[in-house]
Amino acid sequence: MSKQYYQELIELLDQSYAPYSGFNVASIIVCKNGDVFKGVNVESAAYPTTICAERNAIHTAVTNGSKKGDVQAVYILARNDTGGLIRAFPCGSCRQVIAEQSGNDAIVYCYNELGEVAEHSIAELLPHAFLGDEL
Ligand code: THU
């Protein structure tokens, strides 16, 4: 399990479109049935329309048939504008989507430049998640 997807994330960073921030992010998600989906951040000249790597990966999973609760694990790696690999944790919006699409039990793996992983449950990263049950 150690360094799983690390090399793939490094290669995936090259697909990121981030000309405005210079901050490339790559994410790989694994579903409970073993399916794997990739995503990168895609920025826009109209800045708020930018989409994060994690949500891009999860949206692709949903597009391909993944259902609410199916996401099991989220792997993330970032690269800054000087080319250095760095650890990035998911933003608040991505935490919401990860919580909802995993049934609030995903594990999030954030790599640093050495391939060392910080591992957190989504429940740790987004306590008291709003999962829509009240709607
Ligand atoms: N970004 C992600 O892709 N994922 C995150 O969790 C944090 C931020 C992207 C969005 C934007 O393109 C760039 O990083 C700088 O915020």
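Below is a short write-up of the structure. (Residues numbered from 1 in each chain as written. Predicted model: local features only at pLDDT ≥ 70, side-chain atom pairs only at ≥ 80, totals over all residues. Heavy atoms only, no water.)

Pairing between strand 1 (residues 24–31) and strand 2 (residues 36–40): five bridges, direction antiparallel. Across the sheet, Ser 27 pairs through a bridge with Gly 39, a residue of strand 2. (Pairing = 2+ DSSP bridges. Helix = DSSP H or I, 4+ residues; strand = E, 2+ residues; numbered from the N terminus.)

Now for the pattern of salt bridges. On inspection of all chains with the given rule, the structure shows three salt bridges. Residue Glu 8 pairs with Lys 38 through a salt bridge whose shortest N-O separation is 3.4 Å. On the criterion of sequence distance, the pair formed by Glu 8 in helix 1 (residues 6–12) and Lys 38 in strand 2 is long-range, its members being 30 residues apart. Here Lys 32 makes a salt bridge to Asp 105, at a shortest N to O gap of 3.0 Å. Placement of the pair is Lys 32 in the loop between strand 1 and strand 2 and Asp 105 in the loop between helix 3 (92–102) and strand 5 (107–111), with a sequence separation of 73 residues. The exposure class of Lys 32 is partly exposed, given its relative accessible area of 39%. (Salt bridge = Lys/Arg side-chain N within 4 Å of Asp/Glu carboxyl O. Buried < 20%, exposed > 50% of the residue type's maximum accessible area, 1.4 Å probe, protein only.)

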